[in-house]
Amino acid sequence: QLQNKILILTICAAGIGGTFQYGYNISIINAPTSYIQMFMNETWLERTGLPLENNVILLLWSFTVSAFPLGGLTGALVAGPMAIMLGRKMSLLLNNAFVIIAAVLSGFSRMAKSFEMIMLSRFFTGVNAGVSMNIQPMYLAESAPKKLRGAVALTSASFTALGLVLGQVVGLRELLGGEESWPFLLASNVVPAMIQLTALPWFPESPRYLLIDCGDKESCVSALQKLRGNGDVSAELEEMLAEQAAVKGQRAKSPWGLFRNPAVRWQLMSVIVLSSAMQLCGNDSMYFYAAYVFQEAGIPQDKIPYVVIGTGSCELITSVTCNMIIDYAGRRPLLLGGYIFMAGWAVVFMVALSQQTQISWMPYLSMACIFAYILSFGIGPAGVTGVLPTEVFDQMSRPAAYMICGSLLWFNLFLVGTAFPFIVKSLAHFCYVPFLVVCICTALYVGLFLPETKGKSLLEISEEFKKRNFKAQTHVGFYKGPEEIKSTML
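Please read these numbers as outputs of a predicted model, since none were measured by experiment.

**What to know about the overall build of the protein**
Item 1. For the protein, the count of helices and strands is 24 helices and zero strands.
Item 2. Relative to a compact globule of 490 residues, whose C-alpha radius of gyration would be 23 Å, the protein shows 23 Å and is just as compact.
Item 3. Along the longest, intermediate and shortest principal axes, the C-alpha atoms of the protein span 75 × 50 × 45 Å.
Item 4. Sorting the 490 residues of the protein into buried and exposed places 54% on the buried side.
Item 5. Pairs at least 24 residues apart make up 82% of the contacts formed inside the protein by residues separated by at least 6 positions.
Item 6. Across the protein, 33 positive and 30 negative side-chain charges occur, with their mean positions spaced 6 Å apart.

**Observations regarding a nonpolar patch on the surface**
Item 1. A grouping of M85, L86, M90 and L94 is seen on the molecular surface, where their side chains present a nonpolar patch of about 400 Å² in accessible area.
Item 2. With respect to the helices, strands and loops of the structure, M85 is situated in helix α4 (residues 54–85).
Item 3. On the accessibility criterion, M85 (65% relative accessible area) is exposed.

**Side note on the nonpolar core**
Item 1. With 70 residues, the main nonpolar core has Y339, F349, W410 and Y432 as its most contacted residues.
Item 2. If you tally residues by element for this core, the top one is helix α21 (residues 398–427), at 10 residues.
Item 3. Residues contacting Y432, with those up to four places away along its chain left out, are G282, S285, M286, Y289, A346, F349, M350, Y373 and F420.
Item 4. Listed in part, the 41 residues of the second largest apolar core include A14, V131, L185 and L200.

**As for the environment of K467**
Item 1. In this fold, K467 is placed in helix α23 (residues 458–469).
Item 2. A sequence separation of 180 residues divides K467 from Y287, and the C-alpha atoms of the two residues are 42 Å apart.

**Points about helix α17 (residues 304–329)**
Item 1. With 26 residues, α17 extends 36 Å between its outermost C-alpha atoms, agreeing within 8% with the 38 Å of an ideal straight helix rising 1.5 Å per residue.
Item 2. In α17, a bend of some 35° at N323 exceeds every other bend along the element.
Item 3. For α17, every residue scored as buried is listed here: I304, I309, T311, G312, C314, E315, T318, S319, C322, N323, I326 and D327.
Item 4. Downstream of α17 by a residue or two, G330 has a phi angle that is positive, lying close to 95°.

**Some words on the domain arrangement of the protein**
Interfaces are often described in size by the accessible area the parts lose on coming together.
Item 1. Here the protein is described as being made up of domain 1 (1–203) and domain 2 (254–471).
Item 2. Every contact between the two is made by 41 residues of domain 1 and, on the other side, 43 residues of domain 2.
Item 3. Between domain 1 and domain 2 the total buried area reaches about 3,300 Å² when both faces are included, carbon and sulfur atoms providing 67% of it.
Item 4. By the criterion of area lost to domain 2, the three top residues of domain 1 are R149, L154 and Q168, representing 18% of everything that side buries.
Item 5. Joining domain 1 to domain 2, the criterion identifies two salt bridges.
Item 6. A salt bridge links E142 to R398, with the nearest nitrogen and oxygen atoms 2.7 Å apart.
Item 7. Along the contact surface separating domain 1 from domain 2 lie 10 residue pairs in polar contact (both at pLDDT 80 or more).
Item 8. At 14 residues, the largest contribution of residues to the side of domain 1 that touches domain 2 is made by helix α8 (residues 149–170).
Item 9. Partitioning the side of domain 1 that touches domain 2 into residue classes produces 24 nonpolar, 10 polar and seven charged.

Basis of the calculations
Residues numbered from 1 in each chain as written. Predicted model: local features only at pLDDT ≥ 70, side-chain atom pairs only at ≥ 80, totals over all residues. Heavy atoms only, no water. Helix = DSSP H or I, 4+ residues; strand = E, 2+ residues; numbered from the N terminus. Rg over C-alpha atoms; globule rule 2.2 N^0.38 Å. Buried < 20%, exposed > 50% of the residue type's maximum accessible area, 1.4 Å probe, protein only. Contact = heavy atoms within 4.5 Å. Lys, Arg positive; Asp, Glu negative; His and termini not counted. Charge placed at Lys NZ, Arg CZ, Asp CG, Glu CD. Patch = residues over 30% accessible without salt bridge, like charges linked within 9 Å, V, L, I, M, F, W, Y side chains within 5 Å. Areas by Shrake-Rupley, 256 points an atom, 1.4 Å probe, with all protein chains shown as cover. Salt bridge = Lys/Arg side-chain N within 4 Å of Asp/Glu carboxyl O. Core = buried A, V, L, I, M, F, W, Y, C linked by side-chain atoms within 4.5 Å. Expected span 1.5 Å × (residues − 1). Bend = angle between axes of the 7 residues up to and from the residue. Domains from an automatic or database assignment. Buried area = accessible area lost by both parts, 1.4 Å probe. Polar contact = N/O pair within 3.5 Å; in protein donor to acceptor, adjacent residues only side chain to side chain. Nonpolar A, V, L, I, M, F, W, Y, C, P; charged D, E, K, R; others polar.

If you want it as structure tokens, here you go:
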């Protein structure tokens, strides 16, 4: 069907230069670690005549790595104002400028004999990822029909996982992971940016943004018809007009405005808990352990990068699976199941690590745990978390909600990255206890407090949360007009 073609192509055009870049840029930095550290040392030696001490090299490397989440945090904070002022599509297009700057800096860093250019490049790459992680799910969920909203918004997670796997593949020694080619590896993120700059302008802006933010009904209808083909769009337009009536006279909210607004208390609490848990659940730390566990299982050192690609592929397979089932299974069961399974695997993993040297088959159990943990994360938390802010907030609150989520995501990524080596040092085999606690608490929160949003219009979801936020008050206080409008008030 033509309408599905346009929607699928819009998803691909947004994804390739969007969340794909987040996954890709996280994984391409791993392969050339030792070469970049050598480059830092050689550059310093040329400049001063003195080599760098090992701990100084390590410190410079940690600055290079942490420039990425710092850029991500900056990107998350500018994404909200960008989405409001420029629109969803234009923000994604302009966002490619950051990657192009980053690619030029890293690509010419060796020629310029400057490792500072690599640090700056990682910062700009982070800004790009921070913006796309917030705006892409917003753009896609606002462009999707109600019955496909979950699956379409969830493609953001699939593109992240695809970027992760492709980054691992391109980083192999046989491709761009060699000593001579690492500047090209770091600059290769310019390719997806160019693809998006060529493709995305051909597709429509978010219909919701055009109608509710810009008040342009004609452009909204035109965008809807492009995305839905020749199908009848009147029912969908009615729904949007009702939502427009509900937020009439309101201005786009700021993050601080959301914290002060009692009408969004439970929505805010839910996205804060889930966005924090996504990074604090220890999934990224599994990649930290992967090489060590595979080595213990007897896999030769030079074959480990190929097995690590398997871990990335796991996340890709599950996020695609989750895409197919989210609009049938619902959001709550996927989140709940994901965190419960992760808690179970965390216990088994800690037991396996503690018995690694005593029992011969334990390294294989540890290996199975790594794959199972990543699969459990991919099937629920990885994708559903990014969909929720679109579904539980109205048009005026959505950009600010994504700013809060994005900031938490990047801050916690930085926190876990910094703290995990110390957690391993102090807790040894029981390093997953903090992550286990996070998984159990999040599962309890989802089970007790999070309503299901599957198949409901954005106004029905708002109404459900309104009942929770104002349990003590009657609905009379909210009456602002005829019956059908009354149910849309926030």
